[in-house]
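Results of the structural survey
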Amino acid sequence: MATIKDVARLAGVGLGTASRVVSGKGSVSPATLEKVRKAIDELGFRPSHAARALLSGTSRMVGVYIPVLSGTFYTPILQIIDTELRAAGLHMVVAFGVGLGDARRQAMEGIEFLIERGCDGIIMMTSALADEDLASLGAKQRQIVALNHEFRAMPEQCFTVDHVLGGRLAARTLLDYRHRDIGVISGPAALSDNVARVDGFMRELEEGGIDTSKLWVAESDFSPAGGWAAAKELIESGHKCTALFCANDEMAVGALSYFQEAGISVPRDLSVIGYDDTPSAAFSAPRLTSVHMPWREMTLNGINALLNRCYDLQRPVSRTFPVSVTLRASLAKLPTTTSRSRKK
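Residues numbered from 1 in each chain as written. Predicted model: local features only at pLDDT ≥ 70, side-chain atom pairs only at ≥ 80, totals over all residues. Heavy atoms only, no water.

What about the overall build of the protein chain?
Helix and strand counts for the protein chain stand at 13 helices and 11 strands. In terms of C-alpha radius of gyration, the protein chain reaches 26 Å, well past the compact-globule figure of 20 Å for 344 residues. In terms of overall dimensions, the protein chain has a C-alpha envelope of 90 × 40 × 35 Å along the principal axes. Of all 344 residues assigned to the protein chain, the portion counted as buried reaches 49%. In the protein chain, once contacts between residues fewer than 6 apart in sequence are set aside, the share between residues at least 24 apart is 69%. A total accessible area of about 16500 Å² is found for the protein chain, and carbon and sulfur atoms account for 53% of it. Distance between charge centres in the protein chain, computed from 38 positive and 37 negative side chains, equals 6 Å. (Helix = DSSP H or I, 4+ residues; strand = E, 2+ residues; numbered from the N terminus. Rg over C-alpha atoms; globule rule 2.2 N^0.38 Å. Buried < 20%, exposed > 50% of the residue type's maximum accessible area, 1.4 Å probe, protein only. Contact = heavy atoms within 4.5 Å. Areas by Shrake-Rupley, 256 points an atom, 1.4 Å probe, with all protein chains shown as cover. Lys, Arg positive; Asp, Glu negative; His and termini not counted. Charge placed at Lys NZ, Arg CZ, Asp CG, Glu CD.)

Structural data, given as structure tokens:
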């Protein structure tokens, strides 16, 4: 395999001159440039990744940390990141939570792994870290952006959506469809974005005249299996609901699956609304009404901000991401005369 030294020898130039041509940095006369390019073509020279990093001073790699490598939530976001980075001539390296220790320790180990691999910048999706964890990264903290979470230590590097508004929109949709007997499957209480959406949901119901202390509420783990188990718990409790809010789509899909097996018709017997509007929502049975979070817009703007920091670019960056509700077949309006729960 040809090396940069071979290119310089064949072109009759110094190693530094050949390196400037390969890296694209520094001035080279047109005649010399042509000689070096001709030598590169003749030798079939392709600089290794390590050589490119040495010549350019950057690895052209961007790290991504996510807590888990599973489900339908993170996969589309990783696809967006990889597509955008490749279009910019960059590559993605992914780390996720594994090993011993709690979520905070796993997140730190994952980010340290990406730094040690020479990533120029890092995109992270975790709320497990504290401000002091970020401070411990020193100057490298400037080369990090956070998606879907906020950190007081680096507010300008955080890109998230309004989860309180998302929760409010879910509740307002159910109220507009005349539902008042409502169940809730919440995600983990330790996750700040889950807390925000459930708080927003409850606030909107309270402002609509609902006594939220009487609602059936279960905490689950954001997984389809968790949604299935919580839906089973709801039915076995005997609590009468006309609608169910699930704090993410994966739990909603699990709940829909349980209801189908239990002979409960959605939305005839029970309406269901999810959260996130992931691709699975459009293909569940029935198709799932869900709070649409603009993950693509959030992710693209986070990438732009990171590339501006790492590579001195001037990409446009926005921080306003509209939230809405995508209406599908899992939601039905109650009759005006009486609630379905009172008919039973």
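Concerning the packing of helix H8 (residues 163-176) against helix H9 (residues 192-207)
Interhelical geometry of H8 versus H9 gives an angle of 40 degrees and a closest axis separation of 6 Å. When the interaxial angle is binned, H8 and H9 end up oblique. The crossing of H8 and H9 is right-handed. Residues His163, Val164, Gly167, Arg168, Ala170, Ala171, Arg172, Leu174 and Leu175 of H8 touch H9, and the partners they reach there are Asp193, Ala196, Arg197, Gly200, Phe201, Arg203, Glu204, Leu205 and Glu207. When the residues that make up the contact of H8 with H9 are grouped by side-chain class, the tally is eight nonpolar, three polar and seven charged. (Axes fitted to C-alpha atoms, helices over the stretch in contact; angles between N-to-C directions. Parallel < 35°, antiparallel > 145°, perpendicular 65-115°, else oblique. Left-handed = near helix turned anticlockwise from the far one by under 90°. Nonpolar A, V, L, I, M, F, W, Y, C, P; charged D, E, K, R; others polar.)

Here's the deal with the pairing of strand E3 (residues 121-124)
Alternating residues of E3 divide into Gly121 and Ile123 and Ile122 and Met124, and every residue in both groups is buried. Relative to E3, strand E1 (residues 61-66) runs parallel, the two sharing four bridges. Bridge pairing in E3 places Gly63 opposite Ile122. Across three bridges, the pairing between E3 and strand E4 (residues 144-147) is parallel. The residue of E4 that forms the bridge with Ile122 is Ile144. (Pairing = 2+ DSSP bridges.)

Here's the deal with the side chain of Asp193
Topologically, Asp193 is positioned in helix H9. Looking at Asp193, its side chain comes within polar contact range of the side chain of Asn148, at 3.4 Å. Within the structure, the side chain of Asp193 is placed 2.9 Å from the side chain of Arg197, a separation counted as a polar contact. The contact partners of Asp193, leaving out residues within four places of it in the chain, are Asn148, His149 and His163. (Polar contact = N/O pair within 3.5 Å; in protein donor to acceptor, adjacent residues only side chain to side chain.)

Quick look at the pairing of strand E9 (residues 271-276)
Summarising burial for E9: six of the six residues are buried, a large majority. When E9 meets strand E10 (residues 289-292), the two strands line up parallel, connected through four bridges. Pairing of Gly274 across the sheet is with Ser290, part of E10.

A short note on the nonpolar core
Within soluble globular proteins, side chains that are nonpolar tend to cluster in buried spots. With 68 residues, the main nonpolar core has Ile123, Phe201, Phe259 and Val272 as its most contacted residues. Here this core takes eight residues from helix H12 (residues 295-311), the largest share from any one element. Among the nonpolar cores identified, the runner-up in size contains 18 residues, and Tyr65, Ala107, Leu129 and Ala146 belong to it. (Core = buried A, V, L, I, M, F, W, Y, C linked by side-chain atoms within 4.5 Å.)

Focus on the side chain of Ser59
Within the element layout of this structure, Ser59 appears in the loop between helix H4 (49-56) and E1. On the basis of relative accessible area, Ser59 is assigned to the buried category, the value being 9%. Here Gly118 takes part through its backbone oxygen, which lies 2.7 Å from a polar atom of the side chain of Ser59.

As for a nonpolar patch on the surface
Taken together, the side chains of Leu69, Phe96 and Val98 make up a nonpolar region of the molecular surface, amounting to roughly 270 Å² of accessible area. Take Val98: it is sitting in the loop between strand E2 (91-96) and helix H6 (103-116). (Patch = residues over 30% accessible without salt bridge, like charges linked within 9 Å, V, L, I, M, F, W, Y side chains within 5 Å. Salt bridge = Lys/Arg side-chain N within 4 Å of Asp/Glu carboxyl O.)

Comments concerning the pattern of salt bridges
Counted according to the given criterion, the structure contains 19 salt bridges. Several salt bridges share partner residues, and in doing so they unite Arg168, Arg172, Asp176, Glu204 and Glu207 into one network.

Some words on the sheet that holds E4
One open sheet holds the five strands; their spatial order is E2-E1-E3-E4-E5, and the pairing between them is parallel. Lying at the two open borders of the sheet, with one neighbouring strand each, are E2 and strand E5 (158-159). As paired elements, E4 and E5 share two bridges and run parallel to each other. The residue of E5 that forms the bridge with Ala146 is Cys158. Taken strand by strand, helix H5 (residues 74-87) contacts E1, E2 and E3, and its axis lies near 150 degrees from that of E2.

Section: the packing of aromatic side chains
A complete count under the given rule lists six aromatic pairs for this structure. When the centroid spacing of 5.0 Å and the interplanar angle of 90 degrees are considered together, the rings of Phe73 and Trp295 count as edge-to-face. Taken together, the residues span a long stretch of sequence, with Phe73 in the loop between E1 and H5 and Trp295 in helix H12 at a distance of 222 residues. A residue is classified by how much of its surface remains accessible, and Phe73, at 16% relative accessible area, is buried. Exposure remark for Trp295: the relative accessible area of 8% places this residue in the buried category. Arranged with centres 5.4 Å apart and planes meeting at 80 degrees, the rings of Trp228 and Tyr258 form a pair that is edge-to-face. Placement of the pair is Trp228 in helix H10 (residues 224-237) and Tyr258 in helix H11 (residues 249-261), with a sequence separation of 30 residues. Through successive ring pairs, a cluster of aromatic residues spans Phe73, Tyr74 and Trp295. Directly above the ring of Tyr311 sits Arg60, whose terminal nitrogen or CZ lies 5.0 Å from the centroid. (Phe/Tyr/Trp six-rings, centres within 6.5 Å; stacked < 30°, edge-to-face > 60°. Lys NZ or Arg CZ within 6 Å of the ring centre and 35° of its normal.)

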